[in-house]
Amino acid sequence: MRRGLALVAVAVTAMVALAFLIPLAAVVKEVAETRALAEAERQATAIVPALVLTVDAKRLERALASTPAGAAGRLAVHLPTGTVGRGRAPGTAVASARATTLRLPGGYVLLRPVALDRGRTAVIEVYAPESDLTRGVATSWAVLTGVAVVLVAGSVVVADRLGARVVRATRRLGDAATSLGSGDLSVRIEPDGPPELVAAGQAFNTMADQVAGLLAAEREMAADLSHRLRTPLTALRLQLGDHGPAAEQVDRLEREVDAIIEAARRPSRPMPGRCDAAEVLRERLVFWSALAEDQGRPWELIGADAPAPVPVAAAELSAVVDATLGNVFRHTPQGTPFAVTLHQGSGMVGILVADAGPGIADPEGALKRGHSGAGSTGLGLDIARRLAESTGGSVRVERSALGGAGVQLWLRTSPQTPKPRTRRLLGRALS
């Protein structure tokens, strides 16, 4: 932006300077020529009194030598009897005896006739060399060029300072927006720059305050709901006692509630991390295998023997796996088999959960919260979709090879490479 403003300033100032300097340069040259010819006219006038007094050649030579032009050999008098001094004008121009200015190689010749007695006429010739006609022109042009350069440089400096102010304010606003997008809800900016950017900065601060307030209210509500769960959990523990599989599940549920409360109280910064998807699947299938055995559900875990690193936290992936398997247990009859497959591809890791149940009537609607049908809120698949999209992946719901629903969770493990057409479009946009 600063470079663009500087180029605009150079172009505009240069055009304005040229619009004034070219006519001024022509005027300077014309004034120098006029001054040189006026000086030649004055030299010719200075000889007129001598011609009135005498036409003697020797006396005229002395009179010519007393003038600067005559001493330099640039002054001559053409008499009817001959020429005194060095003449340069053509004979025809002298014979015409008219006041005129002739252009010769290297300068100009000024001819001025003077009437003598008995009808005779003398012609005074003054030679003005080219150096006299251009005296001071080069200096004046150099001064004008220097003025133009100073004007252009000054405009560039002013434009750069203005551009720097705009760029600084814009960059500060962009950095603040990036920080807010990454989860730093405390970021605020001091509005600066042009009025438009000041208004944008004030609007950003207002938006940040509202976002922080909304997230704070949401965290408080989540924490309050989690606290309310403690009462029925405590009653359930008292009924089940401290031993047995059911008591272990209640302990786990209490730990999950504690984790929810802690997460709700924690500032909403994103929690980037990595984990081994194979290890997470093995751990969660150990948990769900007990319930599958109670319900007579055959199950299978495929492809989880080798490590499969993914760019998500283990807790988040565990929550998605639990939500997906929970849908299998919740929406299929007891005894329905299911399978979990871990697939590792080029830059992608896929987790496929398939069951032999009735399937999902509206696969697209199942990915939207509140639209999954069968009395479900669709929250589990919505969580899975958001987790996959955070890595650049996706979630697909279709009919599985077992005949029921198939949920495919694809997590991207490497940056996405643009397609050839996309790269061409990006190249045109950047060129």
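In this report, the structure presented in the accompanying data block is examined. The model shown is predicted, which means the values in this text are computed figures rather than measured ones. (Residues numbered from 1 in each chain as written. Predicted model: local features only at pLDDT ≥ 70, side-chain atom pairs only at ≥ 80, totals over all residues. Heavy atoms only, no water.)

**Points about the overall build of the protein**
Selection criterion: In this description a helix means any DSSP run of H or I spanning at least four residues, a strand means any run of E spanning at least two, and both kinds are numbered starting from the N terminus. In what follows, a contact means two residues having at least one pair of non-hydrogen atoms within 4.5 Å. With residues, only the protein chains shown are counted as cover, and all accessible areas are computed by Shrake-Rupley using a 1.4 Å probe.
Tallying secondary structure elements over the protein gives 13 helices and 12 strands in all. Long-range contacts, defined here as pairs at least 24 residues apart, represent 60% of the contacts in the protein between residues at least 6 apart. Entry remark: accessible area of the protein is about 25300 Å², with carbon and sulfur atoms responsible for 61%.

**Here's the deal with the sheet that holds strand E9 (residues 338–344)**
The condition is simple: When DSSP locates at least two bridges between a pair of strands, those strands are taken to pair. Lines fitted to the C-alpha atoms define the axes, with helices restricted to the stretch that makes contact. Angles between their N-to-C directions range from 0 to 180 degrees.
Read across the open sheet, the five strands follow the order E7-E9-E10-E12-E11; overall the sheet is mixed. Each end of this open sheet is capped by a strand with a single partner; those strands are strand E7 (299–302) and strand E11 (394–399). Across the sheet, the mean angle from the axis of one strand to that of its neighbour is 10 degrees, orientation sign disregarded. Strand direction decides the pairing type here: E9 and strand E10 (residues 348–355), joined by seven bridges, are antiparallel. Paired with His343 across the bridge in E10 is Gly350. Packing of helix H9 (residues 277–295) onto the sheet brings it into contact with E7, E9 and E10, and relative to E9 it is tilted by some 180 degrees. Along the sheet, helix H10 (residues 314–331) makes contact with E9, E10 and strand E12 (405–412), crossing E10 at roughly 20 degrees.

**Digging into helix H6 (residues 137–181)**
Applied cut-off: Expected span, for any helix, means 1.5 Å times one less than how many residues it has.
The terminal C-alpha atoms of H6, which comprises 45 residues, lie 64 Å apart, in line with the 66 Å expected from a rise of 1.5 Å per residue. One or two positions beyond H6, positive phi appears at Gly183, with a value near 110 degrees.

**Quick word on the pattern of salt bridges**
Rules: What makes a salt bridge here is a side-chain nitrogen of Lys or Arg within 4 Å of a carboxyl oxygen of Asp or Glu, nothing more. Residue burial is assigned from relative accessible area. The probe radius is 1.4 Å, only protein chains are included, and a residue is buried under 20% of its type maximum, exposed over 50%, and partly exposed in between.
Applying the stated rule across the entire model yields six salt bridges. Arg112 is the salt-bridge partner of Glu41, the closest N and O atoms lying 2.7 Å from each other. One end of the pair, Glu41, is in helix H1 (residues 2–53); the other, Arg112, is in strand E4 (residues 107–115), with 71 residues separating them in the sequence. According to the relative accessible area criterion, Glu41 is partly exposed, its value standing at 28%.

**As for the pairing of E12**
Along E12, eight of the eight residues are buried, which leaves the element largely enclosed by surrounding structure. Of the two faces of E12, the one lined by Ala405, Val407, Leu409 and Leu411 and the one lined by Gly406, Gln408, Trp410 and Arg412 are each fully buried. When E10 meets E12, the two strands line up antiparallel, connected through seven bridges. For Ile351, the partnering residue across the bridge sits in E12 and is Leu409. Relative to E12, E11 runs antiparallel, the two being bridged by six bridges. Pairing of Ser394 across the sheet is with Trp410, part of E12. The turn joining E11 and E12, which pair antiparallel and follow one another in sequence, is formed by five residues; a positive phi near 105 degrees is taken by Gly403.

**What to know about the sheet that holds strand E2 (residues 82–85)**
Hydrogen bonds between backbone atoms are what pair the strands of a sheet, whose relative direction is either parallel or antiparallel. On the basis of which strands lie adjacent, the open sheet formed by five strands has the order E2-E1-E5-E4-E3 and antiparallel pairing. This sheet does not close on itself; its edge strands, each paired only once, are E2 and strand E3 (100–104). Pairs of neighbouring strands in the sheet enclose a mean axial angle of 20 degrees, with direction left out of account. The pairing of E3 with E4 spans five bridges and is classified as antiparallel. Along E4, the bridge assignment pairs Thr101 with Leu110. Helix H2 (residues 57–65) rests against strand E1 (75–79) and E2 of the sheet, and its axis sits at about 35 degrees to E2.

**Quick word on a nonpolar patch on the surface**
Using the following cut-off: The residues that make up patches have over 30% relative accessible area and no salt bridge, and they are joined within 9 Å when like-charged or within 5 Å when they are Val, Leu, Ile, Met, Phe, Trp or Tyr.
A surface patch of nonpolar side chains, amounting to about 580 Å² of accessible area, comprises Val8, Val12, Met15, Val16, Phe20 and Leu24. With respect to the secondary-structure elements, Val8 resides in helix H1.

**Details of the nonpolar core**
Selection rule: Only buried residues count toward a nonpolar core. Its members are Ala, Val, Leu, Ile, Met, Phe, Trp, Tyr and Cys residues joined through side-chain atoms within 4.5 Å.
In terms of nonpolar packing, the biggest core is built from 33 residues, with Leu317, Leu342 and Leu409 touching the most fellow members. Elements supplying a minimum of two residues to this core: H9, H10, E9, E10, helix H12 (379–390), E11 and E12. Of the residues forming this core, the biggest block, seven residues, is contributed by H9. Sequence-distant contacts of Leu409, defined by excluding residues within four places in its chain, comprise Leu317, Val320, Val349, Gly350, Ile351, Ala384, Ala388, Ser394 and Val395. One finds Ala44, Leu64, Ala69 and Val84 within the second-largest nonpolar core, a separate group that totals 19 residues.

**Focus: the pairing of strand E5 (residues 121–129)**
Extensive coverage of E5 is indicated by the burial of eight of its nine residues. Where E4 lies against E5, nine bridges are found, and the strand directions are antiparallel. Each residue of the ladder has a partner; that of Tyr108, found in E5, is Ala128.

**Quick look at the packing of aromatic side chains**
Note the cut-off: Aromatic pairs are defined between Phe, Tyr and Trp rings, using the six-membered ring for Trp, whenever the two ring centres lie within 6.5 Å; interplanar angles under 30 degrees are classed as stacked, those over 60 as edge-to-face, and all others as tilted. Counting as a charge over the ring demands two things of the Lys NZ or Arg CZ atom: a distance within 6 Å of the ring centre and an angle within 35 degrees of the ring normal.
Across all of its chains, the model carries three aromatic pairs by this definition. An angle of 65 degrees between the planes, with centres 5.6 Å apart, marks the rings of Phe329 and Phe338 as edge-to-face. Like Phe338, Phe329 is buried. Counting every residue linked through ring pairs, the aromatic cluster contains Phe287, Trp288, Phe329 and Phe338. Looking at Arg297, its charged tip hangs above the ring of Phe329, at a distance of 4.7 Å from the centre.

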